[in-house]
Amino acid sequence: MIPPRWRRIASERIRILFRLAREESAKHPERSKRYVELALVIAKKYKVRLPKKLKRSYCHECHAFWRIGTNVTVRLNARERVVSYVCKECGKERRYPYGQEV
Ligand SMILES: [Zn+2]
């Protein structure tokens, strides 16, 4: 059993790492990926769920932190009601249904 206090600290660290990932993603993409990876390791270890907002902010394949318009293409598919994110670094596509609020 993981004490709630640890998990709180873990979520705090995850938020910090994602912030760093965002800040570094333009100039130091590799460092930024590393921050995302560290955040994921912490999330796994302490069984912390990532908020949806963070879950959709990076590539689940190559861990690049996404900057819309730069390293990711975001498209709405109205017929299927999905938002599609295509990572420009590895080409992986991720789709999320919309209609339900984030
Ligand atoms: Zn990718």
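Look up: the structure comes first, before these words.
I will try to describe carefully the structure that is included in this document.

Conventions we followed
- Residues numbered from 1 in each chain as written.
- Predicted model: local features only at pLDDT ≥ 70, side-chain atom pairs only at ≥ 80, totals over all residues.
- Heavy atoms only, no water.
- Helix = DSSP H or I, 4+ residues; strand = E, 2+ residues; numbered from the N terminus.
- Buried < 20%, exposed > 50% of the residue type's maximum accessible area, 1.4 Å probe, protein only.
- Areas by Shrake-Rupley, 256 points an atom, 1.4 Å probe, with all protein chains shown as cover.
- Lys, Arg positive; Asp, Glu negative; His and termini not counted.
- Charge placed at Lys NZ, Arg CZ, Asp CG, Glu CD.
- Pairing = 2+ DSSP bridges.
- Phe/Tyr/Trp six-rings, centres within 6.5 Å; stacked < 30°, edge-to-face > 60°.
- Donors = N, O, S within 2.8 Å, 3.2 Å for Na, K, Ca; no water.
- Tetrahedral: all angles 85-135°; square planar, octahedral: opposite > 155°, others 65-115°.

## Points about the overall build of the protein
Helices and strands together make up the secondary structure of the protein, namely 3 helices and 3 strands. Classification of the 102 residues of the protein by burial places 33% in the buried group. Total accessible area on the protein is roughly 7,200 Å²; 52% of this is exposed by carbon and sulfur atoms. Separation of charge centres in the protein, based on 27 positive and 10 negative side chains, amounts to 6 Å.

## Digging into the pairing of strand β3 (residues 93-97)
Each regular strand displays side chains that alternate between the two surfaces of the sheet. Relative to β3, strand β2 (residues 82-87) is paired through 5 bridges, and the arrangement is antiparallel. Each bridged residue has a counterpart across the sheet, and for serine 84 the counterpart in β3 is arginine 95. Joining the antiparallel neighbours β2 and β3 is a turn of 5 residues, in which glycine 91 adopts a positive phi near 85°.

## Details of the packing of aromatic side chains
Any pair of aromatic rings gets described here by the distance separating the centres and the angle formed by the planes. Within this structure, the stated rule accounts for 5 aromatic pairs. Their ring planes at 80° and their centres at 6.4 Å tell us that tryptophan 6 and tyrosine 46 sit as a pair that is edge-to-face. Pair noted here: tryptophan 6 is in helix α1 (residues 4-24) and tyrosine 46 is in the loop between α2 (29-45) and α3 (52-55), with a separation of 40 residues, a long-range link. Under the relative-accessibility criterion, tryptophan 6 is labelled partly exposed at 43%. Plain terms: the ring middles of phenylalanine 18 and tyrosine 58 are 5.7 Å apart, the flat faces sit at 50° to each other, and that makes the pair tilted.

## Points about the coordination of the zinc ion
At the metal site, the zinc ion is ligated by Cys59 (SG), Cys62 (SG), Cys87 (SG) and Cys90 (SG), and these contacts range over 2.3 Å. Around the zinc ion, the 4 donor atoms are arranged such that angles at the metal cover 104 to 113°; this shape is classified as tetrahedral. In the primary structure, the donors to the zinc ion are separated according to the pattern C-x2-C-x24-C-x2-C. Taken together, the positions of cysteine 59 in the loop between α3 and β1 (72-77) and cysteine 87 in strand β2 put the pair 28 residues apart, joining distant regions of the chain. The exposure class of cysteine 59 is buried, given its relative accessible area of 1%.

## Things to note about unusual backbone geometry
Phi is positive for lysine 47, close to 50°, though the residue is something other than glycine. A positive phi is found at histidine 63, a non-glycine position, where the angle reads about 65°. Tracing the backbone through its elements, the reader meets histidine 63 in the loop between α3 and β1.

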